[in-house]
Amino acid sequence: MALVKSRSRGINLADTFAFTGTVSGAGGVDMAGTYFRATNGSAQSLSHVTWTKANMTTEDYDPGSNYNASDSKYVCPNTGYYHIFYHPFLQGYQSNNFMAKVYVNGSSTEASMGKNSSFTRFETAGYQSYFSMQSSFVGYFSANDYLELFIYIENSSQSLSQGTGKATSYWGGYQLA
């Protein structure tokens, strides 16, 4: 058996390459402008046992201009799979439940969309005063579907709010394929 010694040389990117073939399967969706991240620019008051849209009115990035900060809504620019993440910081003295979910096209999604939705709940039995809800999911959405983040706190007697700050309350997403 002969042994062959090979040596990897690599590609010199300064070289000129002549391409004479064809490329197939290289087309697809331009995903360069499909990502966004937004934060809560100021504290938001919440009502007891009421689903409230999270006011994420400060855009950190949105190169495709698909996020409308004035109404905290992301419009999917293309049909495909998206990774959506959220992290609202909820505050309420001795609260029982902290919850967050993503609405699609203005509707609650956990019952109707199954794997294309997310619902996060943290139950505290009245011992928690604040909680950072962190979750993410991958969903398949059509072009022009719009997504909104909703939050909920169960507390009977104290002031309730969503905290503020770039590292405290935020949500975002990007297209995967």
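A few points on the structure. Because the structure is predicted, anything quoted here is derived from the model rather than measured.

A short note on the pairing of strand β11 (residues 135-141)
Along a regular strand, successive side chains alternate from one face of the sheet to the other. Only one face of β11 is buried, namely the one carrying Ser135, Phe137, Gly139 and Phe141, since none of Ser136, Val138 and Tyr140 on the opposite face is buried. Relative to β11, strand β7 (residues 80-87) runs antiparallel, the two being bridged by seven bridges. Residue pairing across strands places Gly80 opposite Phe141, the latter belonging to β11.

Here's the deal with unusual backbone geometry
At Ser72, a position not held by glycine, the phi torsion is positive, near 50°. Turning to its location among the elements, Ser72 is positioned in the loop between β5 (67-68) and β6 (73-75). The phi torsion at Asn144 lies on the positive side, around 75°, for a residue other than glycine. Here Asn144 lies in the loop between β11 and β12 (146-154). On the basis of relative accessible area, Asn144 is assigned to the exposed category, the value being 61%.

Details of the environment of Phe137
Here Phe137 lies in strand β11. Separated by 53 residues in sequence, Phe137 and Ile84 have C-alpha atoms that sit 5.5 Å apart.

Notes on the sheet that holds β7
Pairing is antiparallel in the open sheet, where five strands are placed in the order β4-β1-β14-β7-β11. The outermost strands of the open sheet, each flanked by one partner alone, are β4 (58-61) and β11. In this sheet, adjacent strand axes meet at a mean angle of 20° when their direction is disregarded. Bridging between strand β1 (residues 36-39) and strand β14 (residues 170-175) involves four bridges; their strand directions are antiparallel. Bridged to Ala38 within β14 is Trp171.

Procedures and definitions
- Residues numbered from 1 in each chain as written.
- Predicted model: local features only at pLDDT ≥ 70, side-chain atom pairs only at ≥ 80, totals over all residues.
- Heavy atoms only, no water.
- Buried < 20%, exposed > 50% of the residue type's maximum accessible area, 1.4 Å probe, protein only.
- Helix = DSSP H or I, 4+ residues; strand = E, 2+ residues; numbered from the N terminus.
- Pairing = 2+ DSSP bridges.
- Axes fitted to C-alpha atoms, helices over the stretch in contact; angles between N-to-C directions.

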